[in-house]
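# Examination of the molecular architecture
One letter stands for each residue in the lines below.
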Amino acid sequence: MTVTVRFAPSPTGHIHIGNSRTALFNWLFARRSGGRFVLRFDDTDTERSREDFARSIEADLAWLGITPDRIERQSQRVALYDAAAHRLRDAGLLYPCYETADELERRRARARALGRPPVYDRAALKLGEAQRAALEAEGRRPHWRFLLPNHDGDPFAPHRTEVVWDDLCRGAQAVDLASLSDPVLVREDGSYLYTLPSVVDDIDMAISHVIRGEDHVANTAVQIAILRALGAATPAFAHHNLLTTADGEGLSKRKGALSIGSLREAGLEPMAVASLAVLTGTSHAVEPVADLDALAEMLDLGAVSRSAAKFDPADLIGLNARLVHALSYEAVSDRLSALGVGGGAAFWEAVRENCEKVADAVRWWTVVAGPVEPAIDAADRDYITAARALLPVEPWDEATWTAWTDAVKTETGRKGRALFLPLRKAVTGLDHGPDMKALLPLIGRRNTSDRLA
Ligand code: GLU
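Residues numbered from 1 in each chain as written. Predicted model: local features only at pLDDT ≥ 70, side-chain atom pairs only at ≥ 80, totals over all residues. Heavy atoms only, no water.

## Regarding the packing of aromatic side chains
For clarity, the cut-off: Working definition: rings of Phe, Tyr and Trp (its six-membered ring) pair if their centres are within 6.5 Å, and the pair is stacked with planes under 30 degrees apart, edge-to-face with planes over 60 apart, and tilted otherwise. Numbering of helices and strands starts at the N terminus; helices are DSSP runs of H or I of at least 4 residues and strands are runs of E of at least 2. Working definition: with a 1.4 Å probe on protein chains only, accessible area under 20% of the residue-type maximum means buried, over 50% means exposed, and in between means partly exposed. Note on criteria: charge over ring means Lys NZ or Arg CZ within 6 Å of the ring centre, with the direction from the centre no more than 35 degrees off the ring normal.
Using the criterion set out here, one finds six aromatic pairs in the structure. Ring centres of Trp401 and Trp404 lie 5.8 Å apart, and the angle between their planes is 70 degrees; on these two criteria the pair is classed as edge-to-face. Taken together, the residues span about one helical turn, with Trp401 and Trp404 both in helix H16 (residues 400–412) at a distance of three residues. Each of the two residues, Trp401 as well as Trp404, counts as buried. Centre to centre, the rings of Trp401 and Phe420 are 6.1 Å apart; their planes meet at 35 degrees, and the pair counts as tilted. In this pair, Trp401 sits in helix H16 while Phe420 sits in helix H17 (residues 416–428), placing the two residues 19 residues apart along the sequence. Classification of Trp401 as buried rests on a relative accessible area of 8%. Connected via pairs of aromatic rings, a cluster forms that spans Trp401, Trp404 and Phe420. Lying across the ring of Phe156, Lys126 places its NZ or CZ 4.5 Å from the centre. One residue, Arg414, lies across the ring of Tyr383, its end atom 3.8 Å from the ring centre.

Printed below as a string of structure tokens:
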């Protein structure tokens, strides 16, 4: 079997780190199985879906390293959904209903008051042709419900009917179809809700594994029933826990919270975001992983925790820093050039451990190339002048700092912090920073001498 997965966002906003968890689970799963990844835009809600959101989702996925094998838009596939709706209608499994939202709400309230589950009572199934015509003459348009297979021929006598599946994340699942209302598949204006198009596309695109958030578990029972009604095989299902912030608050596409775009703009590495998005709420410790292939090796759907995947956004910085410390010069040279940072590999290797983000290199480049405002305490003025006179002759290399400070020590009798710190502050303007052994040859004799003057 060829593994084919899909990530199916509605382009109604920018994707956030929680959405990227779903996208990455699918991508990594496909990657590990040599499978295919479909990006499917669920854009049947034409009022809220926007092309610019679809583009931004594609760009955000590309930044994470996800390049779909196929991209589809549901808005361009309506003929397929019409055909499936016809088949269901012909089979008596899709029936017209005329209740308004208010009427339905009143009925649900009544059911609750009587201590009954607020499940739709299928009243519309009792309407005869003449009654339907009368309702339509009043100007009512039908919405269409799928008749759930929870009865033995008499839909008014539903009984417990379990849909079961072996969830790759959650293990054995059972949902009683008698506990659910017949789902509305088609709105009054003829447009489709998410439920049917998703099933039709999963069949048409030969999706083998549906990997999505656990907020879709109840949908799965309904969708399995629709798959069967359409005579299709059932794919494997995996419902992963959802990412929430430490206070348990969910992420929302509309709030823009922790959007992938904002994390990118904040200068985070895609692998810091991907490592956190994938490893939180699994049996693995959350650690920086160098690339998606290594992360794919770590993905184990069966080891995903059942409780919420809580994370602290502040952890992203720490993960990012650990990744940056290990980045080779080759991996960052283009970005450094774009930032106007010179100094080649020697510079990057000298400063990377002092960078939380690659862009922090700019600050250290200024320390090397200037301008630097030397920080010389009045009490150290004579000491610095004496040290300046002892600067070694060029060429300078990694041994120069030690040679110079040894000479200064001998001349002035200072040692330890009193020896080193005033020199660091005078040369770099800062009381902390990368190893002076590596920094000094990059700064060079002329700059150093000027800063000590
Ligand atoms: N558009 C749905 C969502 O974003 C897709 C769910 C699914 O993967 O089937 O929640």
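There's more to say after this.
## Section: the pattern of salt bridges
Basically, it comes down to this: By definition, a salt bridge exists where a carboxyl oxygen of Asp or Glu is found within 4 Å of a side-chain nitrogen of Lys or Arg.
Applying the stated rule across the entire model yields 28 salt bridges. Between Arg40 and Asp201 there is a salt bridge, with the nearest N and O atoms lying 4.0 Å from each other. Within this pair, whereas Arg40 is found in strand E2 (residues 36–41), its partner Asp201 is found in helix H6 (residues 195–204), the two being separated by 161 residues in sequence. One exposure class covers both Arg40 and Asp201, and it is buried. For Arg77, the salt bridge identified is with Asp204, shortest N-O distance 2.8 Å. A residue pair is termed long-range when its members are at least 10 positions apart, and Arg77 in the loop between strand E3 (70–73) and helix H3 (78–90) and Asp204 in helix H6 qualify at 127 residues. Each member of the salt-bridge network shares a partner with another, and the members are Arg6, Arg40, Asp42, Arg70, Glu72, Arg77, Asp201, Asp202 and Asp204.

## A few points about the sheet that holds strand E8 (residues 184–186)
Rule in force here: Strands are labelled as partners when DSSP assigns at least two bridges between them. Axis lines are fitted to C-alpha atoms, over the contacting stretch for helices. Their N-to-C directions set the angle, which ranges from 0 to 180 degrees.
With respect to topology, three strands assemble into an open sheet ordered E4-E5-E8, the strand pairing being antiparallel. Each edge of the open sheet is held by one strand with a lone partner, namely strand E4 (94–97) and E8. For this sheet, the mean angle separating the axes of adjacent strands, direction not counted, is 45 degrees. Note: E4 against strand E5 (residues 143–146), four bridges, orientation antiparallel. When the sheet's bridge partners are listed, Pro96 is paired in E5 with Trp144.

## Observations concerning the site of the ligand
Condition: Nearness is defined per residue: one heavy atom within 4 Å of the molecule or strand is enough. Distance and chemistry together define a polar contact, namely a pair of N or O atoms within 3.5 Å, with one atom able to donate a hydrogen and the other to accept it when in protein, and with adjacent residues in sequence counting only for side-chain atoms on both sides. In the scheme used here, Gly and all other residues not listed as nonpolar or charged are polar, with Ala, Val, Leu, Ile, Met, Phe, Trp, Tyr, Cys and Pro taken as nonpolar and Asp, Glu, Lys and Arg as charged.
Surveying the vicinity of the ligand reveals the residues Arg6, Ala8, Ser10, Asp42, Tyr194, Ser198, Arg212 and His216. Residue Ala8 places a main-chain N or O atom 2.8 Å away from a nitrogen atom belonging to the ligand. For the ligand, a nitrogen atom lies 2.7 Å from a polar atom in the side chain of Asp42. Residue composition of the shell around the ligand, grouped by class: two nonpolar, three polar and three charged.

## Some words on the pairing of strand E9 (residues 209–213)
The condition that has to hold: Looking down the strands as they point away from you, a crossover is right-handed if its path from the first strand over the helix to the second goes clockwise.
Within E9, five of the five residues are buried, which leaves the element mostly enclosed by the surrounding structure. When E9 meets strand E10 (residues 236–240), the two strands line up parallel, connected through five bridges. Residue pairing across strands places Arg212 opposite His239, the latter belonging to E10. Remark: the E9/helix H7 (residues 217–229)/E10 crossover connection has right-handed handedness.

Distances and angles like these do not, on their own, reveal function.
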